[in-house]
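# Residue-level structural notes
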Amino acid sequence: METIKTFIEGIKAKDIADIFISIAILVIFFVLSIWLPRLLLKIWKVNEKDKKVLKENDTYKGLRSIFLCFGIYLALIILALPATAMAFCIKLIRVAVILSIAKILVGMISPTSKLMKKVKGNEKLQENQKLIQTGTKLLKVLIYIVAGFMIISEFGYDLNGIITGLGLGSVVIALAAQELVSNLLSGMAIASEKPFEIGDWVTIGDISGTIVDIKFRSIKIKTVENTTVTIQNTKILSEAIINSGRIEMTLRLPLDTSSEKTEELMKSIRNILESMQEINKNTIQINVTEIGAEAIIIKVFLYTNIVDYDKFLTFSTKLNLTIMKLLEDKRIKLANPSADIYFSRK
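Keep in mind that what you see is a predicted model, and the values were worked out from it rather than measured.

Each value, and the rule that gives it
- Residues numbered from 1 in each chain as written.
- Predicted model: local features only at pLDDT ≥ 70, side-chain atom pairs only at ≥ 80, totals over all residues.
- Heavy atoms only, no water.
- Helix = DSSP H or I, 4+ residues; strand = E, 2+ residues; numbered from the N terminus.
- Buried < 20%, exposed > 50% of the residue type's maximum accessible area, 1.4 Å probe, protein only.
- Contact = heavy atoms within 4.5 Å.
- Salt bridge = Lys/Arg side-chain N within 4 Å of Asp/Glu carboxyl O.
- Pairing = 2+ DSSP bridges.
- Patch = residues over 30% accessible without salt bridge, like charges linked within 9 Å, V, L, I, M, F, W, Y side chains within 5 Å.
- Areas by Shrake-Rupley, 256 points an atom, 1.4 Å probe, with all protein chains shown as cover.
- Core = buried A, V, L, I, M, F, W, Y, C linked by side-chain atoms within 4.5 Å.
- Axes fitted to C-alpha atoms, helices over the stretch in contact; angles between N-to-C directions.
- Parallel < 35°, antiparallel > 145°, perpendicular 65-115°, else oblique.
- Left-handed = near helix turned anticlockwise from the far one by under 90°.
- Nonpolar A, V, L, I, M, F, W, Y, C, P; charged D, E, K, R; others polar.
- pLDDT = per-residue confidence, 0-100.
- Polar contact = N/O pair within 3.5 Å; in protein donor to acceptor, adjacent residues only side chain to side chain.
- Expected span 1.5 Å × (residues − 1).
- Bend = angle between axes of the 7 residues up to and from the residue.

Within the protein chain, the secondary structure is distributed over twelve helices and nine strands. By the burial criterion, 33% of the 346 residues in the protein chain qualify as buried. By sequence separation, contacts in the protein chain at least 24 residues apart represent 62% of the contacts at least 6 residues apart.

Per the stated rule, a full pass over the model turns up six salt bridges. A salt bridge links Lys299 to Glu248; the nearest nitrogen and oxygen atoms lie 3.9 Å apart. Separated by 51 residues along the polypeptide, Lys299 in strand E8 (residues 296-303) and Glu248 in strand E6 (residues 246-253) bring together distant segments of the chain. You can call Lys299 partly exposed: its relative accessible area is 25%. According to the relative accessible area criterion, Glu248 is buried, its value standing at 12%. Taking the shortest distance from any N to any O, the salt bridge between Lys325 and Asp329 comes out at 3.2 Å.

A separate point is the sheet that holds strand E2 (residues 207-214). Taken together, the five strands give an open sheet; going across it, the order is E4-E3-E2-E1-E5, and neighbouring strands pair in antiparallel fashion. For this open sheet the edge positions go to strand E4 (228-232) and strand E5 (241-242), each flanked by a neighbour on one side alone. Sheet analysis places strand E1 (residues 201-204) next to E2, joined by four bridges and oriented antiparallel. Paired with Trp201 across the bridge in E2 is Thr210.

Of the two faces of E1, the one lined by Trp201 and Thr203 and the one lined by Val202 and Ile204 are each fully buried. With antiparallel pairing between neighbouring strands as the criterion, E1 and E2 make up a hairpin whose turn holds two residues, including Gly205 at a positive phi of roughly 65°. As paired elements, E1 and E5 share two bridges and run antiparallel to each other. When the bridges of E5 are listed, Thr203 appears paired with Ile242.

On the surface, a nonpolar cluster with roughly 730 Å² of combined accessible area is contributed by Ile16, Phe20, Ile23, Val27, Phe30, Val31 and Trp35. Checked against the element boundaries, Ile23 lands in helix H2 (residues 16-43). Ile23 sits in the partly exposed class, given a relative accessible area of 45%.

Let us look at the environment of Arg38. Take Arg38: it is sitting in helix H2. C-alpha separation for the pair Arg38 and Tyr60, spaced 22 residues apart in sequence, amounts to 7.2 Å.

Look at Arg331: it is not a glycine, yet its phi comes out positive at around 55°. Topologically, Arg331 is positioned in the loop between helix H12 (309-329) and strand E9 (342-345). The exposure class of Arg331 is exposed, given its relative accessible area of 77%.

Okay, the pairing of E4 next. The pairing of strand E3 (residues 218-222) with E4 spans five bridges and is classified as antiparallel. What sits directly across from Ile219, in E4, is Ile231. With antiparallel pairing between neighbouring strands as the criterion, E3 and E4 make up a hairpin whose turn holds five residues, including Asn226 at a positive phi of roughly 65°.

What follows concerns the nonpolar core. Across soluble globular proteins, nonpolar side chains have a tendency to be buried as a group. Grouped together as the largest cluster of nonpolar side chains are 26 residues, with contacts concentrated most on Leu265, Ile269, Leu273, Ile286, Ile298, Val300 and Leu319. For this core, the secondary-structure elements that each account for two or more residues are E6, helix H11 (259-274), E8 and H12. Sort the elements by how many residues they give to this core and H12 lands first, with six residues. Listed in part, the eleven residues of the second largest apolar core include Val202, Ile207, Ile219 and Ile231.

With that settled, consider the packing of helix H4 (residues 58-79) against helix H5 (residues 83-108). Closest axis-to-axis distance for the H4/H5 pair is 7 Å, and the angle between their directions is 165°. Our classification of the angle between H4 and H5 gives roughly antiparallel. Here the hand of the crossing between H4 and H5 comes out left-handed. A breakdown of the residues in the contact of H4 with H5 according to their chemical character gives 17 nonpolar, five polar and three charged.

This part takes up the confidence of the model for the protein chain. Detailed reading of the predicted model is not advised wherever pLDDT is low. Residues at a pLDDT of 70 or more form 70% of the protein chain, whose mean pLDDT is 76. Here E9 stands out as the element of the protein chain with the lowest mean pLDDT, 48, in contrast to H11, whose mean of 92 is the highest.

This paragraph deals with the environment of Thr322. Here Thr322 lies in helix H12. In this structure Thr322 touches Ile272 and Met276, once residues within four positions along its chain are discounted. Within the structure, Thr322 has its side chain in polar contact with the backbone oxygen of Lys318 (distance 2.7 Å).

Here we take up the side chain of Ser218. On the secondary structure map, Ser218 appears in strand E3. Sequence-distant contacts of Ser218, that is, excluding residues within four places in its chain, are made with Thr230, Ile231, Gln232 and Asn233.

Quick look at H2 now. The terminal C-alpha atoms of H2 lie 40 Å apart, and with 28 residues this matches the ideal 40 Å at 1.5 Å per residue to within 8%. Of all bends in H2, the biggest is about 35°, found at Ser33, and the proline Pro37 comes one to four residues later. If you check which residues of H2 are buried, you get Ser22, Ile25, Phe29, Ser33, Pro37, Arg38 and Leu41.

Structure below.
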């Protein structure tokens with residue numbers, strides 16, 4: 001402070017021309033800091049007509065700050081400040097440049113940037129948008145952390161000592177945040193593997209229902225009882241996930257049903273199932289699985305394309321009634337005492 005005070009007191013003795021030149025440099029670079037960033041953004045094909053929006057652009061802000069810092073640096077050289085004052089000012093300029101570069105990098109991966117708009121518009125990456133959003137957030141945090149360490153080193157602090165000092169604190173923080181981090185990592189794994197999507201009917205452990213929300217910490221499932229259950233992502237990965245529209249149907253035909261009639265019934269059922277758009281044709285299986293003491297057992301397996309539970313119930317009713325109508329038309333009665341159709345979704 002005394003050095004700066006001495007400099008200010010002796011300013012009258014300095015060459016006035018140097019002061020005017022320094023001021024002129026500052027004015028020139030102030031003007032350049034407005035127009036050159038816009039020119040660079042146009043070269044990079046970042047065309048933003050709204051000046052207010054442009055001024056809020058992180059890349060624009062960062063570029064402008066760098067130009068201003070360069071102007072201030074040249075002005076200080078012309079002024080020929082004392083060595084101590086000059087070293088301190090240069091240090092501040094370096095800190096400002098580090099922050100400006102960090103802001104530029106963050107701006108390049110912001111949702112409104114040209115790069116991220118291209119990523120969003122890429123059809124191949126549409127299914128990984130949540131993963132990309134999380135990745136960009138983590139990258140932003142990493143950029144600011146690196147910038148922070150660089151600033152600390154500019155002021156002469158030993159980073160090794162700081163990192164060592166943070167060791168014990170890191171253990172406490174890690175233990176406290178272990179569950180949160182585990183859920184976030186599990187969320188990234190789920191987003192990458194995509195075992196289900198919003199609207200899917202799933203069974204996770206002993207909970208079944210429609211997925212209504214997916215986050216990187218948890219998911220929400222709406223059950224048949226119209227209640228919403230939140231499941232942590234770590235639990236999801238530790239449980240078996242059943243995500244399918246599987247239908248299993250069991251028909252018990254009387255023992256006196258002929259083989260020709262049985263085969264004809266199976267073909268008719270297959271024709272009906274293949275005509276339904278809700279059914280995945282490649283998954284249809286119809287087999288005589290058992291000829292027991294009381295009945296001939298026919299089992300039907302198939303998968304539907306329906307994920308909404310209400311629509312699934314409507315379809316199951318439609319399918320049951322269609323099979324019952326078929327049995328009536330062919331005059332086939334189901335065997336007693338289990339004269340019914342078993343219908344389940346697994």
